[in-house]
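If you want the building blocks of each chain, they are given just below.
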Amino acid sequence: MMMLKRDKKEEEEGGGNPFNNLEKSTVLQETRTFNETPINPRKCGHILTKLLYVINQGENIGANEATEAFFAMTKLFQSKDPILRRLMYMGIKDMSKIANDVIIVTSSLMKDMTGKEDQFRGPAIRALCSITDTSMLQSIERYMKQAIVDKVPGVSSAALTSSLHLSKTSQDVTKRWVNEAQEAVNSDNIMVQYHALGLLYHIRRNDKLAVTKLVSKFSKHTLKSPYAYCLLIRIATKLIEEEDAGSGSPMFDFIESCLRHKSEMVIYEAAQAIVQLKNTTAKDLAPAVSVLQLFCSSPKPTLRFAAVRTLNKVAMKHPAAVTACNLDLENLITDVNRSIATLAITTLLKTGSETSVDRLMKQISTFMSEISDEFKIVVVQAIRSLCAKFPRKHSVLMNFLASMLRDEGGFDYKKEIVDCIIATIEENPEAKEAGLAHLCEFIEDCEHTVLATKILHLLGREGPRTPTPSKYIRFIYNRVILENAAVRAAAVSAIAKFGGHCEELLQSCVVLLERCEMDTDDEVRDRATFYVNVLKQQQRNLSSAYILNGLTVSVVGLERALYSVLEHGLKHVCCTGLTVSVVGLERALHQYTLEPSESPFDMKTVPLATQPLADQKVRETPGLAGDVGKPEKSAATRQDLYAEQLAAVPELANVGALFKSSQPLEITESETEYYVQCIKHTFSNYMVFQFDCTNTLNDQVLDRVTVDMEAADGFEVVKQIPCPSLPYNKPGSTYTLVHLPEDPTSVTGTFPCTLKFVVRDCDPNTGEPDDDGYEDEYVLEDVEVTVADHVQKVMKPNFAASWEEVGPENELEDTYALSSMSTLEEAIKNIIQYLGLQPCERSDKVPEGKSSHTLYLAGIYRGGHDALVRAKLALDTSGVTMQLTVRSTDPSVSEVLATAIA
Amino acid sequence: MSIVFLPILFIHSMRAYNHVKIANMDGGILEPSLYSLKALAILDNDGNRLLAKYYDDTFPTAKEQKAFEKNLFNKTHRANAEIIMFEGMTCVYKSNVDLFFYVVGSSNENELILASVLNCFYDSISQILRKNVEKRALLDNMDAVFLATDEICDGGIILEADPNAVVQKVAVRNDDIPLGEQTVAQALGNLNPEKVLQSAKEQIKWSLLK
């Protein structure tokens, strides 16, 4: 009976929801009512709300249906009902992206925008701008300018925000509204002020001087809006970051003064800004930390959350600055909001002393099961920094991490724990055995293939160097029996490394590997067969080249490439231990198959795999900035893209395979008439300079653009490939091909550059150029070719083995006094920069308090010669003394590298 | 021929290692911009969407949006904790009876700015619904709720953060004056006496429950 009643009640409730079970097609049918005259505002309003509701529920409406409904809706302009009209504006905005021919309502909206009804004007502007594109913007420009400075705040705000939306596509037009925006900043209305400041900054953001002026002006003349203050603080922070200025900057004074603002929002923004700045001392942080401390005891959860989160960030860099808040943080451990509690604990972990670690760890374990994975990751990160700070506590921390590994958790969480254990193992030799043991235990029951292979790789690298390598082999071999093919393959490689490194285990490893030769998976079988053969040779240099310091290419690409070779029945393929890029290899093999020859295929013609580069800085194209672009994910590396690009230029055929591409280098200021970037592409005998040019003048079109380079000694400019036409704001590329000097030891030079082109004036609005132009030139900055341009970085995980492999045949040694360097870190940074080689075995990090250090660098020199450098550095009163030893497979390479530093 | 396979061998393990090395950094300087909101939403007590506006392409499809809403609701409907870090974003929220209000921003956004928008969102709708913040009243006034949302945020930019200003801009109909201020004659003169009676009932019910 009770059940029945409840059911009935629920039914009633469902019936009470007029929007429940709305059918898209029914609502679209109902929109026909809009065509009836006279219009019934109530009825139509209700139908329109239903339509908005359906769209808001994410229903997919086709273009035809939407267009029909849209046109029916336009009939409602005849009604003066305010609610109905406003709903129409929303409908126009919602349908502007799905319906066709939405510009039909432009004139009606323009009428409303300039009409007498103030409450229509703002929303009408916003609706109008949602259907306007660049070509139509000209016609409403005048009205927009007026609206920006309108006395009614709603109208002005609407115009300002819409301008910002429009500037995504029509940067040039909105740029012209800067004076109006300037005027609007002085408005009494706080929102108008905020929006105007936002637009003003957006227009001027590339002009550093103007932005500086903007901040200094508004930091004195008091703004009313707290939102505008927050924005101004962010602008000031960005300026300080860009200038790399510290607390001495007037901008910093402004931010600090905001700590005394009456609005909590502004105080917090200022505190957060100070915390985020890079060049801050503990003294600069103190006032920010003390306001955050006050917030910690606020009754508002949001404020407490914000404060703890920011204190947590401070603790990462300056744990000492936060110790004053320890008492407040302890109180937050029991906060009802778990997020706040977790942040409080992890902050305490960073600031706490060695003695409090055990107590805090116990406290965390009580609620680890209650918090989300995101916060578990925060806890793991805190433990990671603790491991680094208190190496003696590693056993407690390692045990805690191990127990977390056993608990339930997603991939990201598990990955973070594994990373943390690996980092600890690498930094703290004492923790190595315990850490490896925990990881061994983890892979016994690990569902994530990626983590298992990662750990097996680590075991293969670190295990052989421990006192008792044999105990790990059991764990690894278990994987061969129990796991999927990818893990089995990784396990086989790991076992081979034990065999290659420890002579006493060699026989046992060979036996184990031989058992894998019967595996069901070809990859595992192939690996096992190969390793057994290499190990049976019992030659150290073979083991080094093929087992301990392997290649880094992706299987898929290589297999595909090799497959194509096999298809053509080629028998002679030899390869040496090179690090090659997949795409490049594929292309080289393809080339080889096209030109059948008797000579064996040589891996040296294949481009190297580039080390993962730090995120490539793409210059924002004006007009697209402002919103955060998603990082582009592409399978091919940057260099592969360049190679493809260069291959598309017919004039550059026959220069060989691309060896290395440099980072783009700006050779003009970024705010000049013509903006040029240079990328140096190195080939075995040539160098191609790619100049990416952008014409920033909208009244000019440049034709036949080339860059004239004065060749340095021994270099010879062979060819120039002009860019046929360079219209406004469309980047184009011109190339200059230079033959490298015959003398293998002269490889560096300076090239003065001039941009040459034919100018044709054009109408900025239509882009229609005049028929005839005149020649002109523009002086660019010099382009330097350095030793680093001829060298590709290669990681050698086992440097000593490679060092022996190359041998002392072409060894060169010299001693230098680097008097201008005052620290070892600085010297290391400079050496790496000059030589362009990859630091190996983490030798680029100097342990604290050491006065001597050895740096290991590895790479491949143009032409495919291995290049290894050992630099022994010692710090004394007069600077840094360096003993540089270079080994290479080619005598001239050793010479080039040995003299590069001098 | 077997020598050809030399390079293949290391790949699995090395690749995995390199990939994982790219750390996920949080924090960083905020780009000074007016775009500060990612989404506004009102869900009912089953986590179903009553209204949701997304202002960037974090969740490009309706399916992803609804999945996000469901997850967010599951994390927040029991603990009334006001703020949560969720899927790398900061979400502030507030609930009453059977309605849940959410404001979502980037994890680097000033939490207090988000909270101020939430307050405006909640308070203006509360005024529109004559303090009757529950699902039924909301659905009865869906038109005004849409308009209020539109006045608070425009494409991710905070347009207005003062609830009074929002309500004034929405300009509800004359007959939507709070019940207490209406004369009986006016109330009876309304087209829909049943509705008035019902809303009176509701008001009494909620005032008793409070």
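Residues numbered from 1 in each chain as written. Chains lettered and ligands numbered in written order. Predicted model: local features only at pLDDT ≥ 70, side-chain atom pairs only at ≥ 80, totals over all residues. Heavy atoms only, no water.

Asker: For this particular structure, what's the right way to read the overall build of chain B?
Answerer: The number of helices and strands found in chain B is 8 helices and 7 strands. The contacts in chain B between residues at least 6 apart in sequence include a share of 53% that link residues at least 24 apart. Surface summary for chain B: the accessible area is close to 9300 Å², and the carbon and sulfur share equals 53%. (Helix = DSSP H or I, 4+ residues; strand = E, 2+ residues; numbered from the N terminus. Contact = heavy atoms within 4.5 Å. Areas by Shrake-Rupley, 256 points an atom, 1.4 Å probe, with all protein chains shown as cover.)

Asker: Which parts of the structure should I look at to understand the overall build of chain A?
Answerer: In terms of regular secondary structure, chain A is built from 38 helices and 20 strands. Each of the 902 residues in chain A was classed as buried or not, and the buried ones make up 55%. Here the analysis covers contacts within chain A between residues at least 6 apart in sequence; of these, 65% occur between residues at least 24 apart. Accessible surface for chain A amounts to roughly 40900 Å². Of this, 51% is attributable to carbon and sulfur atoms. (Buried < 20%, exposed > 50% of the residue type's maximum accessible area, 1.4 Å probe, protein only.)

Asker: Where do I start with the sheet that holds strand 12 (residues 753-761) of chain A in this structure?
Answerer: Backbone hydrogen bonds are what pair the strands of a sheet, in a parallel or an antiparallel way. All names here are of chain A. Reading across from one edge, 9-7-12-13 is the order of the 4 strands in this open sheet, with antiparallel pairing throughout. Taken across any chain shown, the strands that pair with only one partner, and hence form the sheet edges, are strand 9 (723-726) and strand 13 (774-779). When strand polarity is set aside, the average angle formed by the axes of neighbouring strands in this sheet is 30 degrees. (Pairing = 2+ DSSP bridges. Axes fitted to C-alpha atoms, helices over the stretch in contact; angles between N-to-C directions.)

Asker: Can you walk me through helix 4 (residues 63-74) of chain A in this structure?
Answerer: Note that an α-helix has 3.6 residues per turn; residues three or four places apart therefore point the same way. All names here are of chain A. Taking 1.5 Å of rise per residue, 12 residues should cover 16 Å, and helix 4 covers 16 Å from first to last C-alpha, within 8% of that figure. Within the sequence span of helix 4, burial applies to Ala66, Thr67, Ala69, Phe70, Ala72 and Met73. Lining the buried residues of helix 4 we find helix 2 (24-30), helix 3 (41-56) and helix 5 (82-95). (Expected span 1.5 Å × (residues − 1).)

Asker: So what exactly am I meant to see when it comes to the packing of aromatic side chains here?
Answerer: The way to describe two aromatic rings as a pair is by their centre distance and the angle between their planes. Residue and element names in this part refer to chain B. Enumeration according to the criterion identifies 18 aromatic pairs over all chains in this entry. Residues phenylalanine 101 and tyrosine 122 carry aromatic rings whose centres are separated by 5.1 Å and whose planes lie at 75 degrees to one another, so their mutual orientation is edge-to-face. A residue pair is termed long-range when its members are at least 10 positions apart, and phenylalanine 101 in strand 5 (residues 99-106) and tyrosine 122 in helix 3 (residues 111-128) qualify at 21 residues. Using a relative accessible area of 0% as the deciding quantity, one classes phenylalanine 101 as buried. Of the aromatic side chains, those joined through ring pairs into one cluster are Tyr54, Phe59, Phe68 and Phe86. In this structure, lysine 94 packs its charged tip against the face of tyrosine 122, placed 4.6 Å from the ring centre. (Phe/Tyr/Trp six-rings, centres within 6.5 Å; stacked < 30°, edge-to-face > 60°. Lys NZ or Arg CZ within 6 Å of the ring centre and 35° of its normal.)

Asker: Looking at this structure, I do not really get the packing of helix 29 (residues 485-501) of chain A against helix 31 (residues 522-537) of chain A. What am I missing?
Answerer: Each pair of packed helices can be summarised by the angle the axes make with each other and by the distance between the axes. Residues and elements named next belong to chain A. Orientation of helix 29 relative to helix 31, taken along the N-to-C sense of each, is 5 degrees, at an axis distance of 9 Å. As the angle between them shows, helix 29 and helix 31 are arranged roughly parallel. Here Ala485, Arg488, Ala489, Ala490, Val492, Ser493, Ala496, Gly499 and Gly500 of helix 29 come into contact with helix 31, specifically with Glu523, Val524, Arg527, Ala528, Tyr531 and Leu535. Per-class residue counts for the contact of helix 29 with helix 31 are 9 nonpolar, 3 polar and 3 charged. (Parallel < 35°, antiparallel > 145°, perpendicular 65-115°, else oblique. Nonpolar A, V, L, I, M, F, W, Y, C, P; charged D, E, K, R; others polar.)

Asker: What's the story with a negative patch on the surface in this structure? I'm lost.
Answerer: Taken together, the side chains of Asp699(A), Asp761(A), Asp763(A), Glu768(A), Asp770(A), Asp771(A) and Asp772(A) define an acidic patch exposed on the protein surface. By secondary structure assignment, the location of Glu768(A) is in the loop between strand 12 and strand 13. (Patch = residues over 30% accessible without salt bridge, like charges linked within 9 Å, V, L, I, M, F, W, Y side chains within 5 Å. Salt bridge = Lys/Arg side-chain N within 4 Å of Asp/Glu carboxyl O. Lys, Arg positive; Asp, Glu negative; His and termini not counted. Charge placed at Lys NZ, Arg CZ, Asp CG, Glu CD.)

Asker: Just to check I follow, could you spell out unusual backbone geometry for this structure?
Answerer: The phi angle of most residues is negative, glycine excepted, and most peptide bonds adopt the trans form. Put simply, Thr37(A) and Pro38(A) share a cis peptide bond, and its omega is -10 degrees. Relative to the elements of secondary structure, Pro38(A) occurs in the loop between helix 2 and helix 3. A positive phi angle is found at Arg704(A), which is not glycine, with a value near 45 degrees. One can find Arg704(A) in strand 7 (residues 700-709). The backbone of Lys131(B) shows a phi angle near 65 degrees, a positive value even though the residue is not glycine.

Asker: When you look at the confidence of the model for chain A in this model, what are you seeing that I'm missing?
Answerer: Low-pLDDT portions of the prediction should not be read for the details of their coordinates. Residue and element names in this part refer to chain A. When pLDDT is averaged across chain A, the result is 80; 87% of the residues are at 70 or more. Contacts from residues 551-557, a stretch scored under 50 in pLDDT, to residues over four places away or in other chains number 22 contacts. Counted against residues more than four places away or in other chains, residues 596-602, with its pLDDT under 50, gives 14 contacts. (pLDDT = per-residue confidence, 0-100.)

Asker: Would you take a moment to explain the packing of helix 8 (residues 134-148) of chain A against helix 9 (residues 153-166) of chain A for this structure?
Answerer: Residues and elements named next belong to chain A. Packing of helix 8 against helix 9 leaves a shortest axis separation of 8 Å and a crossing angle of 140 degrees. In terms of axis orientation, helix 8 runs oblique to helix 9. The two elements helix 8 and helix 9 meet at a crossing, and its hand is left-handed. Contacts between helix 8 and helix 9 involve Leu137, Met144, Ala147 and Ile148 on the former and, on the latter, Val155, Ser156, Ala159, Leu160, Ser162, Ser163 and Leu166. Of the residues belonging to the contact of helix 8 with helix 9, the class tally is 8 nonpolar, 3 polar and no charged. (Left-handed = near helix turned anticlockwise from the far one by under 90°.)

Asker: Can you help me understand the pairing of strand 12 of chain A in this one?
Answerer: Every regular strand shows the same layout, with side chains that alternate between the two sheet faces. Residues and elements named next belong to chain A. Counting buried positions along strand 12 gives 7 out of 9 residues, so the element sits mostly inside the fold. Where strand 7 and strand 12 come together, 8 bridges link them in antiparallel fashion. Note on strand 12: the bridge partner recorded for valine 701 is arginine 760.

Asker: How do you make sense of the sheet that holds strand 2 (residues 49-54) of chain B when you look at a structure like this?
Answerer: If you trace the 5 strands from one edge of the open sheet to the other, you get 2-1-5-4-3 (chain B), paired in antiparallel fashion. A strand with exactly one partner marks an edge of an open sheet, and here the two such strands are strand 2 and strand 3 (83-86) of chain B. Between one strand axis and the next, the sheet turns by 20 degrees as a mean value, whatever way the strands run. Strand direction decides the pairing type here: strand 1 (residues 39-44) of chain B and strand 5 of chain B, joined by 6 bridges, are antiparallel. By the bridge assignment, Asp44(B) is partnered in strand 5 of chain B with Leu99(B). The strands touched by helix 18 (residues 301-317) of chain A are strand 3 and strand 4 (89-96) of chain B; relative to strand 3 of chain B, the strand with the most contacts, the crossing angle is about 45 degrees.

Asker: I keep staring at the state of the cysteines and nothing clicks. Help me out?
Answerer: Working definition of a disulfide: a covalent bond connecting the sulfur atoms of two cysteines. Residue and element names in this part refer to chain A. Across all of its chains, the model carries 0 disulfides over all chains by this definition. With no disulfide of its own, cysteine 258 lies closest to cysteine 230 among cysteine sulfurs, the gap being 8.5 Å. For cysteine 258, a relative accessible area of 3% translates into the label buried. The thiol of cysteine 723 is unpaired, and the distance to the nearest cysteine sulfur, on cysteine 693, comes to 6.6 Å. (Disulfide = S-S within 2.5 Å.)

Asker: Is there a simple way to think about helix 6 (residues 106-113) of chain A in this case?
Answerer: Residues and elements named next belong to chain A. Every buried residue of helix 6 is listed here: Thr106, Leu109, Met110, Asp112 and Met113. Along the axis of helix 6, the buried residues cluster in a sector spanning 160 degrees; they form a single face. Residues Ser107 and Lys111 are exposed on helix 6 and point more than 90 degrees away from its buried face. Buried residues along helix 6 sit against helix 5, helix 7 (118-131) and helix 8. (Arc of directions from axis to C-beta.)

Asker: Is there a simple way to explain the pattern of salt bridges in this structure?
Answerer: Side-chain pairs of opposite charge can arise where the charged atoms are in close proximity. Residue and element names in this part refer to chain A. By the definition in use, this model includes 44 salt bridges over all chains. The partner of arginine 85 in a salt bridge is aspartate 112, with the nearest N and O atoms 2.8 Å apart. Residue arginine 85 is located in helix 5, and its partner aspartate 112 is located in helix 6; the two are separated by 27 residues in the primary sequence. Exposure remark for aspartate 112: the relative accessible area of 10% places this residue in the buried category.

Asker: Can you walk me through the environment of Gln78(A) in this structure?
Answerer: All names here are of chain A. Considering the arrangement of structural elements, one finds glutamine 78 in the loop between helix 4 and helix 5. On the basis of relative accessibility, which here comes to 53%, the residue glutamine 78 falls in the exposed class. Not counting chain neighbours up to four residues away, the residues in contact with glutamine 78 comprise Thr37 and Ile39.

Asker: Please explain the environment of Gln276(A) as it appears in this structure.
Answerer: Residue and element names in this part refer to chain A. Looking at the element boundaries, glutamine 276 is found in helix 16 (residues 264-276). For glutamine 276, a relative accessible area of 17% translates into the label buried. Through-space distance from the C-alpha of glutamine 276 to that of threonine 237 is 8.6 Å; in sequence the pair is 39 residues apart.

Asker: Teacher, can you tell me more about the environment of Glu68(A) here?
Answerer: With respect to the helices and strands, Glu68(A) occurs in helix 4. When the C-alpha positions of Glu68(A) and Arg32(A) are compared, they lie 9.0 Å apart, and in sequence the two are 36 residues distant.

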